Amino acid sequence: MELTDLLSRIIRSNSISSINPAIDQGNREVIDLLANTLAELGFTIEIMDLGNNKANLIATYGSGPGGLVLAGHTDTVPCDESLWESSPFELTERDNRWYGLGSCDMKGFFPLAIEAFKSLQVKDLKQPLIILATADEESSMGGAKALVDAGAPVARSAVIGEPTNMRPVKMHKGIMIEKLTVTGRSGHSSNPELGNNAMESMQRILGQLMAMRDRMKEQKHVGFLIDHPTLNLGCIQGGDNANRICGHCFLAFEIRPLPGMDLNQLQADLERQIAATAERDNMGWSLEKLIVPPFNSGDQSELVALCEKLTGHAAESVAFATEAPYLQQLGMDVVVLGPGDIDVAHQPNEFLPLDRVQPTINFLSQLIGRCCL
């Protein structure tokens, strides 16, 4: 299948991943499409079923120790079709760009990786090439976590094709997504004694979080443009009417920790503060959390040095999180590097510049040659 045809079919296959069950989609159609395409090229196919019409794909060409993984996630974020100039589910070419949901982040990486393999025209590899496609990176990291639980795949090196403008990324912050619900007791507002106002307790917790944010600024890492951990208050909802005491209040916030920080301790300190306030105010509380660790390839990474040489760019750091720490847990030397631009990811009219296509194929072909031939 030609590159454009494959990308068109991948874009057309809706694989939105969301914590909202009403809009969450499976990725199995994309997985099956990639599996069939790679099987025709001689890859050995393993599909890891995750339930709910979701799966990971581990496609392997060749055998033996070592080897290279070219990895990416097959899911996308939700989108508002009314804000797009063309259908997000159709690959559209204009202005020397490919438009479509996932073209940049990061469905577009898979056809380029496959084209790079095809361009080598080899029958045998000294080390295996693995094309890895995962589920639910945009919502829960469920696909990557399943790989860690399974202990697969096994390889020496991995490149994750997230949008980095073809610059190697050796380090990124983690992300701690926290969803807090405080539960009091509603009642008629004419008598405050009839209830227990959850919004007032949440206000005290907000003050504690902002104080924590200020304290975290004292921790620095020179490798990042924003050189300290950040805390963002993202969403708050509470109560239902002006004349009713607020019985429930919800807050969603995130923390982006630096490499080297103790996330278990940070989470424990956070929960201890919340628990103390809730107990003092006689409130119930619950906390739903998603923690993605920071990533640091280390100073001795052979893959970082190779990617710097092949691209001509020094390795950088980014603030967004990826599946890199999970592949690192599997024992791989990991670099994040792909053709897209993070500034257009998660945006209406997401696109992949056409002038990045051939350079990416050339880079991946050279990388496969260095790692597998």
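Reading the values: rules and limits
Residues numbered from 1 in each chain as written. Predicted model: local features only at pLDDT ≥ 70, side-chain atom pairs only at ≥ 80, totals over all residues. Heavy atoms only, no water. Pairing = 2+ DSSP bridges. Helix = DSSP H or I, 4+ residues; strand = E, 2+ residues; numbered from the N terminus. Core = buried A, V, L, I, M, F, W, Y, C linked by side-chain atoms within 4.5 Å. Buried < 20%, exposed > 50% of the residue type's maximum accessible area, 1.4 Å probe, protein only. Contact = heavy atoms within 4.5 Å. Domains from an automatic or database assignment. Buried area = accessible area lost by both parts, 1.4 Å probe. Polar contact = N/O pair within 3.5 Å; in protein donor to acceptor, adjacent residues only side chain to side chain. Nonpolar A, V, L, I, M, F, W, Y, C, P; charged D, E, K, R; others polar. Disulfide = S-S within 2.5 Å. Axes fitted to C-alpha atoms, helices over the stretch in contact; angles between N-to-C directions. Parallel < 35°, antiparallel > 145°, perpendicular 65-115°, else oblique. Left-handed = near helix turned anticlockwise from the far one by under 90°.

A. Focus on the pairing of strand E9 (residues 175-183). Of the strand pairs in this sheet, E9 and strand E12 (residues 284-292) are connected by nine bridges, and their pairing is antiparallel. Residue pairing for E12: Glu 178 is matched across the bridge by Lys 289.

B. Region of interest: the nonpolar core. Within the largest apolar cluster, 52 residues are counted, with the highest numbers of intra-cluster contacts made by Leu 70, Leu 129 and Leu 367. Looking at this core, the elements that each hand over two or more residues are helix H1 (3-12), helix H2 (28-40), strand E2 (54-61), strand E3 (68-73), helix H3 (109-120), strand E6 (129-134), helix H7 (302-311) and helix H9 (357-372). Per element, the largest residue contribution to this core is eight residues, and it comes from H9. Once residues within four sequence positions are removed from consideration, Leu 70 is found in contact with Phe 109, Ala 113, Leu 129, Ile 130, Ile 131, Leu 132, Val 159, Leu 364, Leu 367 and Ile 368. Leu 180, Met 202, Ile 255 and Ile 274 belong to the second largest nonpolar core, which has 27 residues in total.

C. Summary view of the domain arrangement of the protein. Segmentation of the protein into domains returns domain 1 (3-172 + 294-372) and domain 2 (175-292). Centre-to-centre, using C-alpha coordinates, domain 1 lies 34 Å away from domain 2. Tallying the contact residues gives 18 residues for domain 1 and 13 residues for domain 2. Of the roughly 1000 Å² buried between domain 1 and domain 2, counting both surfaces, carbon and sulfur atoms make up 67%. For the pair domain 1 and domain 2, the interface holds two residue pairs in polar contact (both at pLDDT 80 or more). Among the elements of the structure, strand E8 (169-172), strand E13 (295-296), strand E14 (316-318) and helix H8 (324-329) are those that each provide at least two residues to the side of domain 1 that touches domain 2. For the side of domain 1 that touches domain 2, a count of residues per class yields eleven nonpolar, six polar and one charged.

D. Quick look at the state of the cysteines. Across all of its chains, the model carries zero disulfides by this definition. There is no disulfide at Cys 249, and the cysteine sulfur nearest it, in Cys 246, is 5.1 Å away. The exposure class of Cys 249 is buried, given its relative accessible area of 2%. Cys 372 takes part in no disulfide bond, and the closest cysteine sulfur, belonging to Cys 371, lies 5.9 Å away. Classification of Cys 372 as buried rests on a relative accessible area of 1%.

E. Examining the packing of helix H5 (residues 198-216) against helix H6 (residues 263-280) more closely. Here H5 crosses H6 at 150°, and the two axes come no closer than 10 Å. Classified by the angle their axes make, H5 and H6 are roughly antiparallel. Of the two elements, H5 crosses H6, and the hand of that crossing is right-handed. On the side of H5, the interface is formed by Ser 201, Arg 204, Ile 205, Gln 208, Leu 209, Met 212, Arg 215 and Met 216, while H6 contributes Leu 266, Leu 270, Gln 273, Ile 274, Thr 277 and Arg 280. Looking at the contact of H5 with H6 residue by residue, the classes come out as seven nonpolar, four polar and three charged.

F. Representation of the environment of Lys 107 in the model. Within the secondary structure, Lys 107 is located in the loop between strand E5 (97-99) and H3. For Lys 107, a relative accessible area of 1% gives the class buried. When sequence neighbours within four positions are dropped, the list of residues in contact with Lys 107 reads Leu 7, Ile 10, Ile 11, Ser 13, Ser 15, Val 30, Thr 74, Thr 76, Leu 101 and Gly 102. A distance of 2.8 Å separates a polar side-chain atom of Lys 107 from the backbone oxygen of Ser 13.

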